[in-house]
Amino acid sequence: MYVKQNRDSSLHIVFSLKKFLLSPFISFLQSLTTYVLQGSNMNLKITEKLSFPAASLSLFEIVSLLILIPFIDRVVYPGLLCIGFNFTPLRRIGVGMLFAAGSVAFAGIIEIERKLGYNRFEQDVFNKTVNASTMSVFYQVPQYILQGTSEALVSVTGVFQRL
């Protein structure tokens with residue numbers, strides 16, 4: 001009985017650690033999926049005949065990553081070392097998580113404004129008609145940039161620490 005109970009508690013600890021260690025990456029994936037859903041209920045029209053797919057906004061995250069990774073590596077980290085501040089991997093991850101939280105908070109503000117402050121119209125999204133807000137989908141760009149900044153600090157730090 002004691003052995004089985006001890007084994008079960010050990011398994012519980014291992015599974016809890018797996019959830020804890022994977023949670024930052026799950027939050028990245030889950031928030032981006034939610035952002036696409038939010039964007040699909042916003043005005044996707046650029047012109048009368050041209051629409052912007054909501055999922056394409058992830059380009060802003062990718063571009064911010066492509067710009068920020070070399071900038072942070074070549075300018076920010078050496079600059080912080082010159083003034084005597086050691087930006088350790090744990091600090092990088094912590095600051096990155098703050099950027100992720102800022103991205104989600106910004107998405108919440110956009111969602112409140114989308115629901116309360118704008119008129120509605122019908123548009124076709126994912127082969128169905130939705131009652132979308134007149135708020136432009138491009139209001140989401142800052143939350144994607146914040147998410148890209150977060151990923152540049154968290155994910156890249158984790159990858160380089162393993163090399």
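(A) Structural context of the overall build of the chain. When helices and strands are counted, the chain shows four helices and two strands. In sequence order, the secondary structure elements of the chain are arranged as α-α-α-β-β-α. Long-range pairs, those at least 24 residues apart, make up 75% of the contacts in the chain between residues at least 6 apart in sequence. Just so you have it, the chain exposes about 10900 Å², and 69% of that area is on carbon and sulfur atoms.

(B) The pattern of salt bridges, seen in detail. Going through the model one piece at a time under the given rule, you end up with three salt bridges. Between D73 and R74 there is a salt bridge whose closest N-O contact spans 3.8 Å. Its relative accessible area of 64% is what places R74 among the exposed residues. The closest approach of N and O atoms between E111 and K115, which form a salt bridge, is 3.7 Å.

(C) Spotlight on the packing of aromatic side chains. A complete count under the given rule lists five aromatic pairs for this structure. Measuring from centroid to centroid gives 4.9 Å for F52 and F138, while their planes differ by 50°, and the two rings are tilted. Pair noted here: F52 is in the loop between α1 (2-39) and α2 (58-82) and F138 is in the loop between β2 (128-133) and α4 (141-162), with a separation of 86 residues, a long-range link. Owing to a relative accessible area of 16%, F52 belongs among the buried residues under this scheme. On the basis of relative accessible area, F138 is assigned to the partly exposed category, the value being 33%. Ring centres 5.8 Å apart and planes at 50° place the aromatic pair Y77 and F87 in the tilted group. On the criterion of sequence distance, the pair formed by Y77 in helix α2 and F87 in the loop between α2 and α3 (89-116) is long-range, its members being ten residues apart. Residue class for F87 comes out buried when judged on its relative accessible area of 12%. Among the aromatic side chains, those forming a connected cluster through ring pairs are Y77, F85 and F87. Between the NZ or CZ atom of R92 and the centre of the ring of Y77, over which it lies, the distance is 3.9 Å.

(D) α2, seen in detail. Here α2 spans 34 Å end to end across 25 residues, near enough to the 36 Å set by a 1.5 Å rise per residue. Approximately 50° is the largest bend angle found in α2, and it occurs at I72. Three or more residues of α2 are buried, namely E61, S64, L65, L68, I72, Y77 and L80. Directly beyond the C-terminal end of α2, a positive phi value near 90° is found at G84.

(E) Structural view of the pairing of strand β1 (residues 120-125). Taken together, the six bridges between β1 and β2 define a ladder with antiparallel strand orientation. Bridge pairing in β2 places R120 opposite S133.

(F) Seen up close, the nonpolar core. Formed by 16 residues in total, the largest nonpolar core has its most connected members in Y35, M42, L44, L57, V137 and Y144. Elements that contribute at least two residues to this core include exactly α1, α3, β2 and α4.

(G) The confidence of the model for the chain, seen in detail. Residues at a pLDDT of 70 or more form 77% of the chain, whose mean pLDDT is 82. For the chain, the element scoring lowest by mean pLDDT is α1, at 62; α2 scores highest, at 93. Here residues 1-7 scores under 50 on pLDDT; set against residues more than four positions off or in separate chains, the count is zero contacts.

About the cut-offs
Residues numbered from 1 in each chain as written. Predicted model: local features only at pLDDT ≥ 70, side-chain atom pairs only at ≥ 80, totals over all residues. Heavy atoms only, no water. Helix = DSSP H or I, 4+ residues; strand = E, 2+ residues; numbered from the N terminus. Contact = heavy atoms within 4.5 Å. Areas by Shrake-Rupley, 256 points an atom, 1.4 Å probe, with all protein chains shown as cover. Salt bridge = Lys/Arg side-chain N within 4 Å of Asp/Glu carboxyl O. Buried < 20%, exposed > 50% of the residue type's maximum accessible area, 1.4 Å probe, protein only. Phe/Tyr/Trp six-rings, centres within 6.5 Å; stacked < 30°, edge-to-face > 60°. Lys NZ or Arg CZ within 6 Å of the ring centre and 35° of its normal. Expected span 1.5 Å × (residues − 1). Bend = angle between axes of the 7 residues up to and from the residue. Pairing = 2+ DSSP bridges. Core = buried A, V, L, I, M, F, W, Y, C linked by side-chain atoms within 4.5 Å. pLDDT = per-residue confidence, 0-100.

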